[in-house]
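Observations on the three-dimensional arrangement
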Amino acid sequence: MPGIDACLQEAMELPGARGAAIVDWTSGLALGTAGESPNGDHEATAAETAELARAAAEYTAFAPALTAGHKGPPVEDLIVTTHTGYHLLCFVETTFDSSVFLHLWLDRDTGNLALARLRLGQLAERLVLG
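To keep things clear, this report deals only with the structure shown in the data block. Numbering of residues starts from 1 in each chain and follows the order in which that chain's sequence is written. Residue-level local features of this predicted model are given only where pLDDT is at least 70; pairs of side-chain atoms are given and counted only at 80 or more, and the full residue set underlies all totals for whole chains, interfaces and linings. Hydrogens and water are ignored here; the side-chain numbers use all heavy atoms of the structure.

Quick word on the pattern of salt bridges
What counts here: The salt bridge criterion pairs a side-chain nitrogen of Lys or Arg with a carboxyl oxygen of Asp or Glu, the two atoms within 4 Å. Strands are runs of DSSP state E lasting at least two residues, helices are runs of H or I lasting at least four, and both sets are numbered from the N terminus onward.
With the rule as written, the count across this model stands at four salt bridges. Linking Arg126 and Glu10 is a salt bridge whose minimum nitrogen-to-oxygen distance equals 3.0 Å. Of this pair, Arg126 sits in helix 3 (residues 113-126) while Glu10 sits in helix 1 (residues 4-12), and the two are 116 residues apart along the sequence. Where Arg18 meets Glu36, a salt bridge forms, and the shortest distance between an N and an O atom there is 2.9 Å. One end of the pair, Arg18, is in strand 1 (residues 17-24); the other, Glu36, is in the loop between strand 2 (29-35) and helix 2 (42-58), with 18 residues separating them in the sequence.

Quick notes on the sheet that holds strand 2
Note the cut-off: Should DSSP find at least two bridges between two strands, the strands are regarded as paired. Comment: axis = line fitted to C-alpha atoms, over the contacting stretch for helices; angle = value between 0 and 180 degrees taken between N-to-C directions. By definition in these notes, contact holds between two residues if any of their heavy atoms fall within 4.5 Å.
Read from one edge to the other, the open sheet built from five strands follows the order 2-1-5-4-3, with strand pairing classed as antiparallel. At either end of the open sheet lies a strand with only one pairing partner, and these are strand 2 and strand 3 (77-81). On average, adjacent strands in this sheet sit at an angle of 15 degrees to one another, irrespective of strand direction. Strand direction decides the pairing type here: strand 4 (residues 85-92) and strand 5 (residues 100-107), joined by eight bridges, are antiparallel. In the strand pairing of strand 5, Cys90 is matched with Leu102. Strands in contact with helix 1 are strand 1, strand 2 and strand 5; relative to strand 1, the strand with the most contacts, it is inclined by about 150 degrees. Where helix 3 meets the sheet, its contacts fall on strand 3, strand 4 and strand 5, and the angle it forms with strand 4 comes to roughly 25 degrees.

Things to note about the nonpolar core
As a reminder, the rule being used: We call a set of buried residues a nonpolar core when its members are Ala, Val, Leu, Ile, Met, Phe, Trp, Tyr or Cys and they connect through side-chain atoms within 4.5 Å of each other. The buried label goes to any residue with under 20% of its type's maximum accessible area, the exposed label to any with over 50%, and the partly exposed label to all in between, with areas taken from a 1.4 Å probe on protein chains only.
Grouped together as the largest cluster of nonpolar side chains are 21 residues, with contacts concentrated most on Ile22, Leu102, Leu104 and Leu120. Counting only elements with at least two residues in this core, the list comes to helix 1, strand 1, strand 4, strand 5 and helix 3. Residues Ala57, Leu78, Phe91 and Phe101 belong to the second largest nonpolar core, which totals 15 residues.

Details of the pairing of strand 1
For strand 1, the tally of buried residues reaches seven of eight residues, placing the bulk of the element in the interior. Taken together, the seven bridges between strand 1 and strand 5 define a ladder with antiparallel strand orientation. Residue pairing for strand 5: Ile22 is matched across the bridge by Leu102. Taking the residues that link successive antiparallel strands as the turn, the strand 1-strand 2 hairpin has four residues, and the phi of Gly28 there is positive, at about 80 degrees.

Let's talk about the pairing of strand 2
Relative to strand 2, strand 1 runs antiparallel, the two being bridged by six bridges. Its bridge partner being in strand 2, Ile22 is matched across the sheet by Gly32.

What follows is the structure, encoded as structure tokens:
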């Protein structure tokens with residue numbers, strides 16, 4: 001079960017990975033970062049991606065009401081494509097009421113979005129926060 005640093009290191013080993021972060025979408029703070037940031041500032045990127053994650057998790061158009069007994073984030077992941085890359089936000093389910101997601105920035109030419117989505121989901125399941 002990887003902690004924050006090990007999780008980020010594994011994410012950065014994915015083909016085409018340019019940067020990765022673990023972010024709290026309530027506060028917009030990065031709990032950890034690795035690699036590059038799309039705008040050169042990891043903290044600004046964390047705050048900006050947190051806004052997107054918060055909108056997806058809170059608006060019923062994206063996150064309909066959960067069924068009884070379901071716990072965890074209402075959204076699994078988000079994918080944003082640009083001309084030069086992909087941004088993958090993968091929500092982390094924890095034992096406590098958390099609002100954490102993994103953000104992976106991939107190069108469009110060398111990254112494999114399908115593989116990254118699968119591996120990031122696996123990392124999110126194994127991540128240990130604390």
